[in-house]
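Okay, here's what each chain looks like letter by letter:
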Amino acid sequence: MLVTLEGLDGSGKTTVWEALQERYPDAVFTREPTNSWYGDAVYRSIEDDDADPLAELFLYTADHADHLSRVIEPALERGGLVISDRYSDSRFAYQGATLEAADGHGLADPLEYVVDIHRPFSIEPDLTIYLDLDPETAAARAGTTNKFERAEYLASVRDNYERLLERDPDRFVRVDATQSPEAVREAVTDALAAAVDESH
Ligand SMILES: Nc1ncnc2c1ncn2[C@@H]1O[C@H](COP(=O)(O)OP(=O)(O)OP(=O)(O)O)[C@@H](O)[C@H]1O
Ligand SMILES: Cc1cn([C@H]2C[C@H](O)[C@@H](COP(=O)(O)O)O2)c(=O)[nH]c1=O
């Protein structure tokens, strides 16, 4: 079973992901960008304010392809529970917004384009927990240290997440990330426990 945590920078994904490790000691905990050399390339691009949006999309997507074949697919084939801090929805929402800001880079609908390039090879999560937070609080919590962690940009990322939730309501569970860390953890734990029970 593949479970993903999604949301804006600073929404609390990593805080929750770390807490879940105690609860599910046998699960595979992973994340995107990964710690591979593909992930290193992604982090170089994050630091480059002038990175080409399409080139950046393909760097993230290369990292995803490697993540799938090296980590996700083997774990799922073993029948394990995989919990990923960010996954393909981050690409749909963030690179969709970056391409949109670059006048669509000649694409009619950047978000749909990013979804489409994943279709032939990616694996859809069984459950995606979306930590919903307003862009201003997200940017403040994240510390506004890179080009993505700015409220204006995060507002368009959030709009894209809303589109993704609307098109796939059965896969997503929305959690109010303005709550205390304890309340967020409890809501995520409840959603995950229900999904794990249902899968048995
Ligand atoms: N529910 C919460 N209320 C207030 N602060 C929180 C909450 N959850 C996490 N934080 C704090 O917000 C900051 C960002 O949290 P965290 O790193 O978990 O977010 P994230 O979604 O993983 O961010 P990023 O995507 O940028 O890595 C941290 O300082 C963390 O302690
Ligand atoms: C997977 C992925 C991530 N991003 C962005 C989101 C963050 O601003 C950075 C790094 O992620 P972290 O969780 O803060 O370490 O990358 C993205 O734009 N597209 C993606 O596919």
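It should be emphasised that the depicted structure is a prediction, and the values quoted were computed from it without experimental measurement.

*Asks:* Help me out: how do you make sense of the site of ligand 1 in this one?
*Replies:* Close contacts around ligand 1 come from 16 residues, with Gly10, Lys13, Thr14, Thr15 and Gln179 the closest. The side chain of Thr15 places a nitrogen or oxygen atom 2.5 Å from an oxygen atom of ligand 1. In the environment of ligand 1, a nitrogen atom lies 3.3 Å from a nitrogen or oxygen atom belonging to the side chain of Arg141. Relative to its unbound accessible surface of 630 Å², ligand 1 loses 66% to contact with the protein. Listing elements by their share of the shell around ligand 1, those giving two or more residues are helix H1 (13-23) and helix H8 (181-199).

*Asks:* I'm lost on the pattern of salt bridges in this one. Help?
*Replies:* A pair can form between side chains of opposite charge whenever their charged atoms are brought close. Inspection of every chain in the model, using the stated rule, returns 15 salt bridges. For Glu162, the salt bridge is made with Arg174, and the minimal N-O distance between the two is 2.8 Å. With a gap of twelve residues between them, Glu162 in helix H7 (residues 151-167) and Arg174 in strand E5 (residues 172-176) connect regions that are remote in the sequence. Since its relative accessible area comes to 28%, Glu162 is described here as partly exposed. Across the salt bridge formed by Arg171 and Asp168, the nearest N and O atoms sit 2.8 Å from each other. Three or more residues are tied together by salt bridges with common partners; here these are Asp89, Glu124, Asp168 and Arg171.

Cut-off values and rules
- Residues numbered from 1 in each chain as written.
- Chains lettered and ligands numbered in written order.
- Predicted model: local features only at pLDDT ≥ 70, side-chain atom pairs only at ≥ 80, totals over all residues.
- Heavy atoms only, no water.
- Near = heavy atom within 4 Å.
- Polar contact = N/O pair within 3.5 Å; in protein donor to acceptor, adjacent residues only side chain to side chain.
- Areas by Shrake-Rupley, 256 points an atom, 1.4 Å probe, with all protein chains shown as cover.
- Helix = DSSP H or I, 4+ residues; strand = E, 2+ residues; numbered from the N terminus.
- Salt bridge = Lys/Arg side-chain N within 4 Å of Asp/Glu carboxyl O.
- Buried < 20%, exposed > 50% of the residue type's maximum accessible area, 1.4 Å probe, protein only.

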